[in-house]
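# Results of the structural survey
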Amino acid sequence: MKSISAALLASTLATPMAAQVTRDMDAHEHGVSTLEIAIEGQSVSISLTAPGMDLVGFEYEAETNADKAAIDSALKLLAEPANVVQMPETSECTMTEAKAHLADDHDEEHGGEEHAHEDEHSHENEHDDGDGHTEFHAHYGFTCVAPEAVTEVTFPYFDQFENAQEIEVVYVTDQGAGTAEATRATPSVRLK
């Protein structure tokens, strides 16, 4: 999978300069999530990054029981890939891995360390700077009998998270690499 990561990095660097400048100026844009898809042989790897505002309606540290319940609910939805992404049935993909967690600016400052969801509440209490941004991260792994059939991906994600407006997709397949955009109005992309 290291070759896929390198290919994703190269593909990301090849995106239009204006989009990169926008990303550099702001860690994320509300309403816009990013998703990376890598297909190598029979393995499909999908990684999602979404602003907290899109999934739970806020980005501050969860303080109330309602805020904490919203985070738990979002993490449960993200932990089930069928709530986020759907591949063609003809690809006969079987999930091999599903992870979801919440990260904040502090995580990014410390080398992007991932914290398990169970540890997140205690981690948040240790670092109360009040003005950080939170992002949700999810990673899914699949093994597919017919990976060549993964030519289109649909996103039920928009049905699950009402504040989500757009997903910027970067993909790498055995046929090449590219970018695409899924929106609430057009919730699927073709992998060309």
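Residues numbered from 1 in each chain as written. Predicted model: local features only at pLDDT ≥ 70, side-chain atom pairs only at ≥ 80, totals over all residues. Heavy atoms only, no water.

### Thoughts on the nonpolar core
Counting residues in hydrophobic clusters, the biggest one holds 38 residues, and the most contacted among them are I37, L55, L78, F136, V153, F155 and Y157. Every element with two or more residues in this core is listed here: β1 (32–40), β2 (43–51), α3 (52–56), α4 (65–78), β3 (93–104), β4 (134–144), α7 (157–160) and β6 (166–173). Sorting elements by how many residues they give to this core places β4 first, with five residues. (Core = buried A, V, L, I, M, F, W, Y, C linked by side-chain atoms within 4.5 Å. Buried < 20%, exposed > 50% of the residue type's maximum accessible area, 1.4 Å probe, protein only. Helix = DSSP H or I, 4+ residues; strand = E, 2+ residues; numbered from the N terminus.)

### Some thoughts on unusual backbone geometry
Phi angles above zero are rare outside glycine, and E92 is one such case at about 50°. Here E92 lies in the loop between α4 and β3. Overall, the relative accessible area of 47% leaves E92 in the partly exposed class.

### Thoughts on the pattern of salt bridges
Scanning the entire structure with this criterion turns up two salt bridges. In this structure, E97 and K99 form a salt bridge, with 3.3 Å as the shortest nitrogen-oxygen distance. By relative accessible area, E97 is classed as partly exposed at 29%. K99 gets classed as partly exposed once you look at its relative accessible area, which sits at 43%. In this structure, the salt-bridge partner of R190 is E152, at a minimum N-O distance of 3.7 Å. (Salt bridge = Lys/Arg side-chain N within 4 Å of Asp/Glu carboxyl O.)

### Description of the state of the cysteines
Inspection of the entire model under this criterion finds one disulfide. For C93, the disulfide goes to C144, at an S-S distance of 1.9 Å. Taking the sign of the S-S torsion, about 105° here, the bridge from C93 to C144 comes out right-handed. Of the two residues, C93 sits in strand β3 while C144 sits in strand β4, which places them 51 residues apart along the sequence. Accessibility expressed as a relative area gives 1% for C144, which makes it buried. (Disulfide = S-S within 2.5 Å.)

### Section: the environment of N163
Position of N163 among the secondary structure elements: in the loop between α7 and β6. Residue N163 is classed as partly exposed on the basis of its relative accessible area of 33%. N163 sits 108 residues away from L55 along the chain, and the two C-alpha atoms are 6.6 Å apart. Those residues in contact with N163 that sit more than four places away from it in its chain are G31, M53, D54, G57 and R184. Polar contacts involving the side chain of N163 include one to the main-chain carbonyl oxygen of M53, which spans 3.1 Å. (Contact = heavy atoms within 4.5 Å. Polar contact = N/O pair within 3.5 Å; in protein donor to acceptor, adjacent residues only side chain to side chain.)

### Overview of the sheet that holds β1
Strand order in the open sheet formed by six strands is β3-β4-β2-β1-β6-β7, with mixed pairing between adjacent strands. The open sheet has two free edges, formed respectively by β3 and β7 (176–183), since each of these has just one partner strand. Averaged over all adjacent pairs, the angle separating strand axes in this sheet is 15°, with direction ignored. In this sheet, β2 lies alongside β1 in antiparallel orientation, the contact comprising seven bridges. Note that in β2 the partner of L35 across the bridge is L48. Packing against the sheet, α4 makes contact with β2, β3 and β4, and its axis sits at approximately 20° to β4. (Pairing = 2+ DSSP bridges. Axes fitted to C-alpha atoms, helices over the stretch in contact; angles between N-to-C directions.)

### Describing the confidence of the model for the chain
Regions with low pLDDT should not have their predicted coordinates read in detail. The predicted model of the chain has a mean per-residue pLDDT of 80, with 70% of residues at 70 or higher. In the predicted structure, residues 5–28 sits below a pLDDT of 50 and forms 25 contacts with residues beyond four places in sequence or in another chain. Low confidence marks residues 107–130, where pLDDT is under 50. Its contacts with residues over four positions away, or in another chain, come to 27 contacts. (pLDDT = per-residue confidence, 0-100.)

### Comments concerning the packing of aromatic side chains
Enumeration according to the criterion identifies three aromatic pairs in this entry. Ring plane angle 20° and centroid distance 4.5 Å describe the contact between F58 and Y60, whose orientation is recorded as stacked. On the numbers, 5.8 Å between centres and 75° between planes, the contact of Y157 with F158 is edge-to-face. F158 matches Y157 in its accessibility class, with the two residues each being buried. (Phe/Tyr/Trp six-rings, centres within 6.5 Å; stacked < 30°, edge-to-face > 60°.)

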